[in-house]
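# Notes for the structure review
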Amino acid sequence: MSILNADLHCHSVVSDGTLTPEALAARAAANGVELWALTDHDEVGGQHRAIAAAREAGLKYLTGTEISVTFAGQTVHIVGLGFDPDDDAMRQGLTATRGGRGERAKEMAQGLARVGIHGAYEGALRHVGNPDLISRTHFARFLVESGVCRDTSEVFRKYLTEGKPGYVPHRWATLGDAVAWITRAGGVAVIAHPARYGFTANEEYALFSEFKAHGGQGVEVVTGSHTAAEYVKYAETAREFGLAASRGSDFHSPEESHTDLGQLPYLPGELTPVWELLSDRIR
Ligand code: AMP
Ligand code: MN
Ligand code: MN
Ligand code: MN
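We now turn to the structure provided with this report. (Residues numbered from 1 in each chain as written. Chains lettered and ligands numbered in written order. Predicted model: local features only at pLDDT ≥ 70, side-chain atom pairs only at ≥ 80, totals over all residues. Heavy atoms only, no water.)

## Observations regarding the nonpolar core
- Within the largest apolar cluster, 51 residues are counted, with the highest numbers of intra-cluster contacts made by Leu8, Ile78, Val221 and Trp275.
- If you look at the next biggest cluster of nonpolar residues, it comprises 19 residues, including Ala109, Ala120, Phe139 and Val168. (Core = buried A, V, L, I, M, F, W, Y, C linked by side-chain atoms within 4.5 Å. Buried < 20%, exposed > 50% of the residue type's maximum accessible area, 1.4 Å probe, protein only.)

## Quick notes on the coordination of the manganese ion (ligand 4)
- Every protein donor of the manganese ion (ligand 4) is listed here as His9 (NE2), His11 (NE2), Glu66 (OE) and Asp250 (OD), and their distances to the metal cover 2.1 to 2.2 Å.
- If you list the donors of the manganese ion (ligand 4) from N- to C-terminus, the spacing comes out as H-x1-H-x54-E-x183-D.
- A separation of 4.6 Å is found between the manganese ion (ligand 4) and the manganese ion (ligand 2). The two residues histidine 9 and histidine 11 agree in class, both being buried. (Donors = N, O, S within 2.8 Å, 3.2 Å for Na, K, Ca; no water.)

## Some details on the site of ligand 1
- Within the structure, ligand 1 sits among Asp16, His41, His77, Arg101, Arg104, Ser135, Arg136, Thr137, Ser153, Phe156 and His252.
- Take aspartate 16: an N or O atom from its side chain is 3.0 Å from an oxygen atom of ligand 1.
- The fraction of the free accessible surface of ligand 1 (500 Å²) that becomes covered by protein chains is 77%.
- Given that more than half its atoms are within 2 Å of the pocket grid, ligand 1 belongs to the largest pocket. (Near = heavy atom within 4 Å. Polar contact = N/O pair within 3.5 Å; in protein donor to acceptor, adjacent residues only side chain to side chain. Areas by Shrake-Rupley, 256 points an atom, 1.4 Å probe, with all protein chains shown as cover. 1 Å grid on protein atoms, 1.4 Å probe; cavity = no way out; pocket = protein on both sides within 12 Å on 5 of 7 lines; lining within 4 Å. Sits in = over half its atoms within 2 Å of the grid points.)

## Things to note about the coordination of the manganese ion (ligand 2)
- Listed as protein donors to the manganese ion (ligand 2) are Asp16 (OD), His41 (NE2) and His252 (NE2); their distances from the metal cover 2.1 to 2.2 Å.
- All donors to the manganese ion (ligand 2) come from one chain, and their sequence spacing reads D-x24-H-x210-H.
- Between the two metal centres, the manganese ion (ligand 2) and the manganese ion (ligand 3), the spacing is 5.7 Å. Of this pair, aspartate 16 sits in the loop between β1 (6–7) and α1 (21–30) while histidine 41 is found in the loop between β2 (35–36) and α2 (47–57), placing the two residues 25 residues apart along the sequence.
- Judged by relative accessible area, histidine 41 falls into the buried class, the value being 8%. (Helix = DSSP H or I, 4+ residues; strand = E, 2+ residues; numbered from the N terminus.)

## A few points about the environment of cysteine 149
- Looking at the element boundaries, cysteine 149 is found in the loop between α6 (136–145) and α7 (152–160).
- Each C-alpha atom of the pair cysteine 149 and alanine 228 lies 29 Å from the other, and the pair is 79 residues apart in sequence.
- Sequence-distant contacts of cysteine 149, defined by excluding residues within four places in its chain, comprise Leu143, Val144, Glu154, Val155 and Tyr159. (Contact = heavy atoms within 4.5 Å.)

## Details of the pattern of salt bridges
- Applying the stated criterion to the full structure yields 15 salt bridges.
- Residue glutamate 103 is joined to lysine 106 by a salt bridge in which the shortest nitrogen-to-oxygen separation is 3.9 Å. Linking glutamate 103 with lysine 106, this pair stays in helix α4 (residues 101–114), spanning 3 residues, or about one helical turn.
- Of the charged contacts, one joins glutamate 145 and arginine 126 as a salt bridge, the two residues approaching to 3.3 Å between their closest N and O atoms. Of the two residues, glutamate 145 is situated in helix α6 and arginine 126 in the loop between α5 (120–125) and α6; the sequence distance between them amounts to 19 residues.
- For arginine 126, a relative accessible area of 58% gives the class exposed. (Salt bridge = Lys/Arg side-chain N within 4 Å of Asp/Glu carboxyl O.)

This is the structure:
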């Protein structure tokens, strides 16, 4: 059952990806993906397009989103899978989570202007597909386009991470709210790319314990953000906490992403795949 090419994490123009839901579905199918989920940041506005595109491309589909959460002073991402895309409480929660992005973006542009980079707000907006969802990725694309940096990782390193001129701290959803929105809408909550957070062992233990206590059921083990050693580490963490395992590329763009749709190792056989918990939600 783990030998399934499932890709349950990627982004479209509805958040900070560069492809439409339709182009992603076609690309996933061409890459051999069998079960797909589109997980735009803090947004379910692309779900009905993705459902239709998956059907068209012959892919099985689970609804998805990736919710920004503030935990222990840091940003953590919680993926939701297999929920009702029309659930009102979830839609309202996501609208509130997105709400501060416009002001934050203006402050980011002010920070960049102080180091001589002008017009970043307008420049980032030109890359935005969804006016409600301006993100650091759109600023990164503007800084690459204007020749300030060679690629988006250099932009993040020099300008958009903590302590750098374009970084503006932001308070996102709480862990409890994000897990509740997903589970009450019939879905399963999954901790995204846990190795990315740079937590101490104690902080990570707190994240997993509180996530479980709130009703979270899954963790990404095989993701484009993890090394082979991290697959092993988080397979062990999944067993320790009794969590199901997920698999996803976190694909954003053919030009920027190292991991293409579906191009990942299979989940380790001894883990429970998250799609086993969601068999009645697969479309
Ligand atoms: P935001 O939600 O506006 O804070 O933007 C977060 C997004 O920025 C993530 O979902 C990634 O797509 C992107 N991102 C974060 N860190 C990096 C990095 N070091 N290199 C490239 N993209 C990054
Ligand atoms: Mn992103
Ligand atoms: Mn993420
Ligand atoms: Mn992502």
